[in-house]
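Coordinates in review
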Amino acid sequence: MEETKIMEETLRDTVESLLEQKQFAKIRSLLIDMNYVDIESVLTEFSKDETLRIFRMLPKETAAEVFTEMDSDLQQYIVESITDAEVGRIMDELYMDDTVDFLEEMPANVVKRVLKNTDETTRKTINQLLQYPDDSAGSIMTTEFVDLKKEMTVQTAIEYIRKNGVDKETINTCYVLSPQRKLEGVVSIRTLILAPPDTPVSDLMDTNVKKIHTLDDQETTAYQFRKYDLLSMPVVDKEHRLVGIITIDDIVDVIEQENTEDFHKMAAMTPSEDPYLKTGVFTLAKNRVIWLLVLMISATFTGFIIRHFEGALSQVVALTSYIPMLMGTGGNAGAQSSTMIIRSLSLNELSFSDLFKVMWKELRVGMVTALLLGIVNFGRIMLLDNVSAAVALTVSLSLFCVVCLAKVVGGMLPILADKIHLDPVIMASPIITTILDALSLIIYFQFATSILGIA
């Protein structure tokens, strides 16, 4: 990692020096031999004006690939700064899914300019793809794929691929369609190359095709890719006609997006699509304050419980000092269980039918961990704190019950949330902790009332 950073800094200094000397041909020859991702990394180190100058030096194929890696702000700046002809050339080189991803982030004036500089067929396809709901399979698919007919021979199919596959996003998998464009099967380029030239495609194609529908959630699509180890997947409409494909590079982006969203929700924040350093202070505050308000207000119940047992606390003041430990341990125990269950739900390893199995397992895990914690806690209190054995027993028994309950609740709530079509992630640490805080206090004061004889 450090070596890569040093290389990028060295390259940036070289390009900057050549730019000052107006050695544009040398800059071009230096960059065109690089990977387009590395080129984009170098360009981000320059100002927007310098980036634009360097960008214009690149061949149109390389420029288009670099363009797809740029953030939306820089893409917008470039489109607004170059000529209509240059816009058209970039759009001609972009794959359709990259074009749609780019346009979804742009303001109306940029979208209008881009569409004006594309041909009628491309414009129609773009408008169609833009109509699919966000986070659906249709919104991330590309319409650039190789389609074959089952009557073709291997030789005819390979010649067709040579002629038409240049501008397709992938030719690794070819899709066999009926005259009504319904998906009949798939065949890999490897199978075609290794088969005798006169073999019909119908004899080689695999009819057991894993496919996704245009309105299916992109997270469901990502799961299908992982489950079946796919590099691409066909997308069909309501009439089962093939309308596009999704490739693995788009799924990697989806997984990153979904994981980021889950991390935000688990920390009780509204998800944000913008990078941290490019998100405004007020936007960050807005994304965080809503859940903080919810959690703060819900914590009012904890205050009610403590006020209700003020008399008990005044009789045995030492009880107050153990409240943070009980609440913290309960919250942590519940968070452990909820994290495991949320992960299992996201991998489709669990469903609602497993609810009681999960509760029983978490109860047993809770009893084992709670027993150890209770014994250690009892010994710690007796050795270090100047309190009676009855107080130590009260705290330790409360801790045992709190941990057991926390494990069960932490395992149960995400499954229930998933059953009622809520994101299980909302039942992560902050929500679980708030619920368990109140339950911990109730258990604690009940034991105190019973063992210490206070009210």
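To be clear, the structure that these remarks concern was listed above.
A short tour of the structure in this document, coming up.

**Thoughts on the sheet that holds strand β2 (residues 173-177)**
Adjacent strands of a sheet pair through backbone hydrogen bonds, lying either parallel or antiparallel. In spatial order, the strands read β1-β2-β3; together these 3 strands make up an open sheet with mixed pairing. The open sheet has two edge strands, β1 (147-148) and β3 (183-188), and neither has a second partner. Sheet analysis places β2 next to β3, joined by 5 bridges and oriented antiparallel. When the sheet's bridge partners are listed, Val-176 is paired in β3 with Gly-185.

**Structural notes on the pattern of salt bridges**
Within the structure shown, the criterion is met by 8 salt bridges. In this structure, Asp-84 engages Arg-113 in a salt bridge whose closest nitrogen and oxygen atoms are separated by 2.9 Å. Within this pair, whereas Asp-84 is found in helix α7 (residues 84-93), its partner Arg-113 is found in helix α9 (residues 108-116), the two being separated by 29 residues in sequence. With relative accessibility at 30%, the residue Asp-84 sits in the partly exposed group. Between Lys-116 and Asp-84 there is a salt bridge whose closest N-O contact spans 3.5 Å. With Lys-116 in helix α9 and Asp-84 in helix α7, this residue pair connects regions lying 32 residues apart in the sequence. Here the salt bridges share partners, and the residues they tie into one network are Asp-84, Arg-113 and Lys-116.

**Here's the deal with the nonpolar core**
The tendency in soluble globular proteins is for nonpolar side chains to be buried side by side. Membership of the largest hydrophobic core comes to 54 residues, with the highest contact counts inside it found for Phe-67, Phe-102 and Ile-246. In contact with Phe-102, not counting residues within four places along its chain, are Phe-67, Gln-75, Val-79, Met-91, Val-110 and Val-114. Listed in part, the 33 residues of the second largest apolar core include Val-316, Leu-319, Ala-392 and Leu-436.

**Brief notes about the sheet that holds strand β6 (residues 242-247)**
On the basis of which strands lie adjacent, the open sheet formed by 3 strands has the order β4-β5-β6 and mixed pairing. Lying at the two open borders of the sheet, with one neighbouring strand each, are β4 (212-213) and β6. The pairing of strand β5 (residues 232-236) with β6 spans 5 bridges and is antiparallel. Residue pairing for β6: Ser-232 is matched across the bridge by Thr-247.

**Thoughts on the packing of helix α5 (residues 60-69) against α7**
Taken N-terminus to C-terminus, the directions of α5 and α7 make an angle of 75°; their axes are 9 Å apart at the nearest point. Between α5 and α7, the angle falls in the class roughly perpendicular. Contacts between α5 and α7 involve Lys-60, Glu-61, Ala-64 and Phe-67 from the former and Arg-89, Ile-90, Met-91 and Glu-93 from the latter. Taken together, the residues that form the contact of α5 with α7 break down as 4 nonpolar, no polar and 4 charged.

Conventions and cut-offs
- Residues numbered from 1 in each chain as written.
- Predicted model: local features only at pLDDT ≥ 70, side-chain atom pairs only at ≥ 80, totals over all residues.
- Heavy atoms only, no water.
- Pairing = 2+ DSSP bridges.
- Helix = DSSP H or I, 4+ residues; strand = E, 2+ residues; numbered from the N terminus.
- Salt bridge = Lys/Arg side-chain N within 4 Å of Asp/Glu carboxyl O.
- Buried < 20%, exposed > 50% of the residue type's maximum accessible area, 1.4 Å probe, protein only.
- Core = buried A, V, L, I, M, F, W, Y, C linked by side-chain atoms within 4.5 Å.
- Contact = heavy atoms within 4.5 Å.
- Axes fitted to C-alpha atoms, helices over the stretch in contact; angles between N-to-C directions.
- Parallel < 35°, antiparallel > 145°, perpendicular 65-115°, else oblique.
- Nonpolar A, V, L, I, M, F, W, Y, C, P; charged D, E, K, R; others polar.

Purely geometric stuff here, so don't read any function into it on its own.
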